[in-house]
Amino acid sequence: RGGGGRGGGGEDSVRRGGNGEPMARPAVRGGDFGWNLAADRGVSAAGDRGVGHPAAAGGVSVDEELADEMGKAWEGVVAHGKKRENKGAALIGAYLRPVRGTFAIGIAASAAQGLLGTVGRFLVLRQLILDVGRGASASWLVTLAMVFFLIALLEGFCAVLSRQILAAILMHAFIARSNALLMRKVGRIDRREGGIPLSAIYAGDLPRLLGIVKYLSMFTCGLVSLLAGVVVVTYFLGALGLVSLGAMLLVLGLQRYFSARANALEPALFAARDARVKAVEQAVKAIKAVKFYAWEDQFFALVGAKRAAQLAVLLKYRLVLLASVAMGKIFPILAAVLTLLAVGLSRHGDLEAGDAFAALAVFQTIRVGMIMLPLSIVLFHTAVNVHDRIASYLDEPELEPVPSEDSRDLALTMRGVRAALAPQEGTTFSLAVDRLEIARGTLAAVVGPVGSGKTFWTHLLLGARAPTAGRLTCEPFLGYAPQEPFVASGTIRDNVLLGRPYDPAEFDAALRLAAFERDLETLSHGADTVVGERGTTLSGGQQARLQIARAAYGSPKLLVLDASLAAVDAAVARDIFDNLRAWVDRTGHAAVLVLSQLHFLRRCDHVLCFDNGALVASDAPRRLADRLADADASDDYLSFLRRALAEPDDDALGSPDDALGPAAARVEDEAPASSSGKPRAVEPKQLVAREKVHRGGIQSGVIGAWARGVGYWRLGLVVGLFGAAVALLFASDVALASWTATDGRRARRWMWTYATLALLHLPVLIAGVMLLVVYCARGGKNLHGAALATVLGAPNGWFETEPSGRILSRFASDTDVVDLEWANQVDALLTMGSMFLMLVLAVSIIVPVLLPVNALATLGLVATLRVINVANRDVKRIANHAVSPCVTNATEAEAGQLVARAHRCLSFHVDRQRGHMDDALAASFASSSVGQAAYASATAWCSLMALATSLVTVLAGDALVPPRLAPVALTYGLVSPYFASMLAEMTLQISLLATSLERLFEYLPEFRLVPAEAPRHTPADDALRDSSWPARGKLEFRKASLRYRPGLPLALRAASFTLDPGETCAVVGRTGAGKSTILVSLFRLVELSAGAVLVDDLDVSKLGLGLLRRRLCLIPQDAVLLRGTGKTNADPFDEFSDDAVARALAVVGLPPAFLHQHLVTDNDASTLSTGERQLLALARCLLRRSAVVALDEATAHVDARTDAAVQRVIATEFRHSTRIAIAHRLHTVAAYDKMIVMDDGAVAQFGRPLDLMQQPEGPLARILAALGDAAVADLRRIAEQAANHALSDLATPSSDAQRTPPQG
């Protein structure tokens, strides 16, 4: 058993999936096939060197020497400078070399299958037909029948062996090797240049390989069948049999043309598929913005346009590919007609029945070779393209490690460092640091305006950026908390450890430093609480503190916190800073803290100030204050910094940021990521339940729903055409039998009758095939659109519990199955099914005594296949569902690359992916193995049917079998095992593919697995569509109550308040008080349980969600970035002119160059700081100009100077709008007109801020008590000035006009 390595097997026999549920650990570590990951894991790979049974994980374990050999082979490809487009084939070659012996056995078995099927089987058939006509002895005829039976069984054995080796063992090992290479690369890759997303490879490319490999395994069999078939026909019919060779060359020429066309279309097909999946992925990742901004219809149209473009290419590809397949279907008929006509004409109409029907049987058998040979070539090209994409990913540039700091006294040094953004990143920015030293035992603060280069500088320390000049050395044992939190699916403990060994003392110390201990006490499972993908159970502040705990775990020598205090309120920030200060003093280690809270600067040991990409100041706080005393008084950042450093060194007075209560007594309440708006204790199974895996047959209604999407009459037409085609084929065989039984003029008449009927079969068959392609494309389009509409119409809470991998795998691999394979299998099923039915019925009609035998064998075959298919469907469902965790983990591995590199925890995602791939490959391998069982069973049953047919035919004599039709009965009876085995395989494959269809149909409304929001459009919208509602902006809550789920207590209890048009209102309160629930109610993310919310005296529950959310506006704390330019982000769907967007960007302080610069790459990489992202969100809101604007701590991540500027912009640009703001920093809202103080879901206080601050009792008084007298006095001063200003406005006659919002 393989298993060693961190996170591997050994005594740990149970591992936890991303949803926290126990999952059985497979015996073999499939993810390590083909590459030695010991260096990345930091542990010995010896445990992965054992050889396991291939059925355990789909392949054979590859030991360390073999892994090194494959690694050297890949490096050799790169070193020799092979062309990029050849690297996919070279990669396949590298996979094959270590297993060439096993590969040779599989190829030999496939070749043996082809020889037995075309040479052995039909030599016996010909001899049997001839000897029956000659009246040979019964014992001899029985011997021939038994020989044929044994050959059929041996052929089936060779088929099973070759497919098991080529399609199961080797291909699964190849995919496991690809997984090892990809996961080795993900921790090193430099994605600044874009490239193929890793999630696209796991969601589409690798499942595609598993889907096509069964066809590739038939290549050798098909080639041998073709060559041997021509030889056998020539042996039967003489030199004129070479006519079939001419027909073959003609058909192969046409197939080559169509295959070349298909190959040429494949890159465009891949690109179109990737574009569509990326659009779906973008909608899923930005779902909160999609809901708040009512972008569902726009994203549906965007993805729909991508889907239409994909289907245009797909239809061409499918038609061209099926044209090649149709040529294969034409070949046996065309070759038979041309060859038999040539022989008949040369012999004046005479034709021997044994030669004719044996040749005809050969032609019918090698039709699969004619189909599979070009199809295999096309699909091999697809496999090469997939490996080209993998090779392209492996070929991406890698990040270089940062040189270690050797000095015992210094944590990092910089000498003449210069760095710049790469040109392909869409914007120009450079950083310059002439000289910098940070000593151990130092707490350094990094400050600067938005976009000054603070985060860029931290990325230099981590190796995410490489200096273009100068020297940088840094302490290698560091901890890093990113500005944008990274939360992996799993538990809180998983996220802190990231695969590192668990040390209880270190774990508790890290939680204390991050002020996270009290949070765990409120969670039902403490550190083992499942946080879900993207941290859905945690607030924004809790996510930020989770990053700090992760960074501090293990007491690193250098701690880098990038704006980690920006997402927490002042009391929590003060606690964390105090803990950090004490940690530095106690351990003597260094810490670097990117700060926007400048009141902490005087307690730091060193201050670094960046501005416009340059380190403009670096010194101890007091010395820096002295140096800046003579700075220019202009409003630049250094002057702002000078004033901040000159403030008294008093936490309470110096902090302009307020607190909402002591951190020691509460869980934080900043901007919850959950739509519930508050921290929740969630059971793991309640949060992300294990994906439901259906058992037994395909759900009722799935096939019917697909048929409805295609159209019943269309399917009926296709089935009718296939039925007519086989009827014509049977009639032509009867005519052939009549031809061989007569001579002279009658023989020639039957000859031309045979040719006419056989040739009529061709256009009917081709028409059925082509119509099926077109109709299936139509059904796939309807299915994709319906599933997408359901997903976009789901409430935000559903996305919190549904991992993105589950969603994307349905729109990637499952949709690929429906697009690329479903029509193929339906075509093959109809072809083989109609042929087998025709054979059985024909034999039963010709030899009625065989009817019970055929019926019994058919029932036995059906019963056996039913049992096998039930098992195989279940296994295939498991395999399909196992793709989702792979996609999710691949996405997280890319998103968390910088964090994993910083903590040297690359093995975390590698080991997870190994486990997920083990699950996927084990299930896929089992499915493939069960498929071979189905093929073998069909061969056995139908070989018995063929044996019975031959025995009855040769022994019964003329009394039971008409002599003229005996050759037909023998031929049909003896070729039936071939068609039966193919039918069994097609039935099995269609059953397996139906599981992907089933997974897509789970997202349709009729299956009710995806909840739906209220309608986006209602009749009440019609009256408002052309109006300016809300024109005034009056906002009223009337006893509004809300609960997030049935059975939970009310989160909002009878809330009542009224805001007049143009008023500003702050919403404050402690954790769980219900602040965010106010916005949830306003935007109807959750429907009210009682009461009403009115905007301009209109009950918003009467409106469609689309109109409501478009007419309101939100500036969120967590700004969403979309792929593309600044224009794309501010105006995603091109609703405003470039000039209007440029003005909005200028108003919020972003440079004009942002308008057309690509700010986010296709891999979601961005050079923007979190502050710049918030400014983009503000610009987006400026364009909407709503009369009601909601703000959710919209300036949490900007520096104090930018915050002040943004507050001025908001006050100016939205002066006519009613503003309601959730606030954690009271200084930003103390000047507002009204304040709501929430407590336990109720509006505890409502009124002017000054009036509420003067009340000695109440929730606000308790909040103010935690701030200190100086801070409270400052807040009262701000509130009093605002109240006096409001009184003066009332005394001004023009004030009413100023407060009236613009109409329209």
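What counts, and at which threshold
Residues numbered from 1 in each chain as written. Predicted model: local features only at pLDDT ≥ 70, side-chain atom pairs only at ≥ 80, totals over all residues. Heavy atoms only, no water. Helix = DSSP H or I, 4+ residues; strand = E, 2+ residues; numbered from the N terminus. Contact = heavy atoms within 4.5 Å. Areas by Shrake-Rupley, 256 points an atom, 1.4 Å probe, with all protein chains shown as cover. Buried < 20%, exposed > 50% of the residue type's maximum accessible area, 1.4 Å probe, protein only. Axes fitted to C-alpha atoms, helices over the stretch in contact; angles between N-to-C directions. Parallel < 35°, antiparallel > 145°, perpendicular 65-115°, else oblique. Left-handed = near helix turned anticlockwise from the far one by under 90°. Nonpolar A, V, L, I, M, F, W, Y, C, P; charged D, E, K, R; others polar. Disulfide = S-S within 2.5 Å. Pairing = 2+ DSSP bridges. Expected span 1.5 Å × (residues − 1). Salt bridge = Lys/Arg side-chain N within 4 Å of Asp/Glu carboxyl O. Patch = residues over 30% accessible without salt bridge, like charges linked within 9 Å, V, L, I, M, F, W, Y side chains within 5 Å. Polar contact = N/O pair within 3.5 Å; in protein donor to acceptor, adjacent residues only side chain to side chain.

So what's going on with the overall build of the protein chain? Residues and values would help.
Each helix and strand in the protein chain was counted, giving 42 helices and 23 strands. Looking at the protein chain alone, contacts between residues at least 24 apart form 82% of all its contacts between residues at least 6 apart. Surface accessibility of the protein chain: about 45400 Å² in total, with carbon and sulfur atoms responsible for 59%.

Account for helix H4 (residues 87–96), naming residues and giving values.
H4 sits mainly inside the fold: eight of its 10 residues count as buried. Turning to H4, its buried residues number three or more, namely Lys 87, Gly 88, Ala 90, Leu 91, Ile 92, Gly 93, Ala 94 and Tyr 95.

Account for the packing of helix H11 (residues 296–346) against helix H25 (residues 744–792), naming residues and giving values.
Two elements in contact, H11 and H25, have axes separated by 9 Å at closest approach and are oriented at 165°. Considering the angle they form, H11 stands roughly antiparallel to H25. Like other packed secondary-structure pairs, H11 and H25 cross with a definite hand, here right-handed. In the contact of H11 with H25, the residues fall into 33 nonpolar, five polar and five charged.

Lay out unusual backbone geometry with the relevant residues and their values.
The peptide bond linking Trp 1029 to Pro 1030 adopts the cis configuration, its omega dihedral lying at -5°. Residues other than glycine seldom take positive phi values, yet Ala 515 does so here, at roughly 55°. The topology assignment puts Ala 515 in the loop between helix H15 (504–513) and helix H16 (517–522).

Describe the state of the cysteines, listing the residues and the values that go with them.
Going through the model one piece at a time under the given rule, you end up with one disulfide. The partner cysteine of Cys 1113 in its disulfide is Cys 1181, sulfur to sulfur 2.1 Å. Pair noted here: Cys 1113 is in strand E17 (residues 1113–1115) and Cys 1181 is in helix H37 (residues 1170–1184), with a separation of 68 residues, a long-range link.

Explain the sheet that holds strand E16 (residues 1098–1099) residue by residue, including any values.
Taken in spatial order, the four strands make up an open sheet running E13-E12-E15-E16, and their pairing is antiparallel. Single-partner strands in this sheet number two, and they are strand E13 (1052–1059) and E16. Pairing analysis gives five bridges linking strand E12 (residues 1035–1042) to strand E15 (residues 1090–1095), with the strands arranged antiparallel. Bridge pairing in E15 places Arg 1038 opposite Ala 1092. Lying on the sheet, helix H33 (residues 1075–1083) is in contact with E12, E13 and E15; it crosses E12 at an angle near 105°.

Outline the sheet that holds strand E21 (residues 1218–1222), listing residues and values.
The strands that make up a sheet are held in pairs by hydrogen bonds between backbone atoms, and each pair lies either parallel or antiparallel. The sheet built from six strands is open, its strands ordered E17-E20-E21-E14-E22-E23 with mixed pairing. Bordering the open sheet on either side are E17 and strand E23 (1242–1247), each of which pairs with just one other strand. Across the sheet, the mean angle separating the axes of adjacent strands is 20° when strand polarity is ignored. Two elements, E17 and strand E20 (residues 1188–1192), share three bridges in a ladder whose sense is parallel. By the bridge assignment, Leu 1114 is partnered in E20 with Ala 1190. Relative to E21, H33 is tilted by about 135°, and along the sheet it contacts strand E14 (1064–1069), E17, E20, E21 and strand E22 (1234–1239).

Provide a residue-level description of the environment of Val 826, including the pertinent values.
On the secondary structure map, Val 826 appears in helix H27 (residues 804–846). Residues Val 826 and Val 773, spaced 53 residues apart in sequence, show a C-alpha to C-alpha distance of 9.6 Å.

Just give me the short version of helix H17 (residues 540–552), but keep the residues and values in it.
In this model, H17 (13 residues) spans 19 Å end to end at C-alpha, consistent with the 18 Å of a helix rising 1.5 Å per residue. In terms of burial, H17 is largely enclosed, as 13 of its 13 residues are buried. Among the residues trailing H17, Gly 554 stands out with phi positive, at a value near 85°.

Explain the pattern of salt bridges to me, and be specific about the residues and the numbers.
Considering all chains together, one arrives at 41 salt bridges under this definition. Arg 307 serves as the salt-bridge partner of Asp 819, at 2.7 Å between the closest nitrogen and oxygen. Taken together, the positions of Asp 819 in helix H27 and Arg 307 in helix H11 put the pair 512 residues apart, joining distant regions of the chain. Under the relative-accessibility criterion, Asp 819 is labelled buried at 7%. Relative accessible area serves as the criterion here: at 3%, Arg 307 is assigned to the buried category. When the shortest N-O distance is used, the salt bridge between Asp 1239 and Arg 1262 registers 4.0 Å. Highlighted residues: Asp 1239 in strand E22 and Arg 1262 in helix H40 (residues 1259–1265), separated in sequence by 23 residues. For Asp 1239, a relative accessible area of 32% puts it in the partly exposed group. Among the residues examined, Arg 1262 registers a relative accessible area of 43% and is labelled partly exposed. What you see here is one network of salt bridges that share partners, running through Asp 205, Arg 273, Asp 274, Arg 389 and Asp 816.

So, the pairing of strand E11 (residues 614–619): which residues are in play, and what are the values?
Bridge count for strand E10 (residues 606–611) against E11 is five bridges, and the pairing is antiparallel. Bridge pairing in E11 places Val 607 opposite Asp 619. Between the antiparallel neighbours E10 and E11 lie two residues, among them Asn 612 with a positive phi of about 55°.

Requested: an account of the pairing of E22, with residues and values cited.
Looking along a regular strand, one sees side chains alternate from face to face of the sheet. Counted residue by residue, E22 has five buried out of six residues, so it is predominantly covered. When E14 meets E22, the two strands line up parallel, connected through five bridges. Paired with Gly 1069 across the two strands is Met 1238, which belongs to E22. When E22 meets E23, the two strands line up antiparallel, connected through five bridges. Residue Ile 1236 lies in a different strand from E23, and its bridge partner there is Phe 1246. Hairpin geometry of E22 and E23 is characterised by an intervening segment of two residues between the two adjacent antiparallel strands and by a positive phi of about 55° at Asp 1240.

Give me a nonpolar patch on the surface: which residues, what numbers.
Taken together, Ile 105, Leu 154, Phe 157 and Leu 161 make up a surface patch of nonpolar side chains, about 360 Å² in accessible area. Top element by residues in the nonpolar patch is helix H6 (residues 138–186). It accounts for three residues. Mapping Phe 157 onto the fold places it in helix H6.

I'd like a description of the side chain of Thr 491, backed by residues and values.
Relative to the elements of secondary structure, Thr 491 occurs in the loop between strand E7 (478–481) and helix H14 (492–497). Judged by relative accessible area, Thr 491 falls into the buried class, the value being 7%. Only 3.0 Å separates the side chain of Thr 491 from the backbone nitrogen of Asp 494, close enough to count as a polar contact. Here Thr 491 is in contact with Ala 527, Asp 528, Thr 529, Val 530 and Val 531, once residues within four sequence places are set aside.

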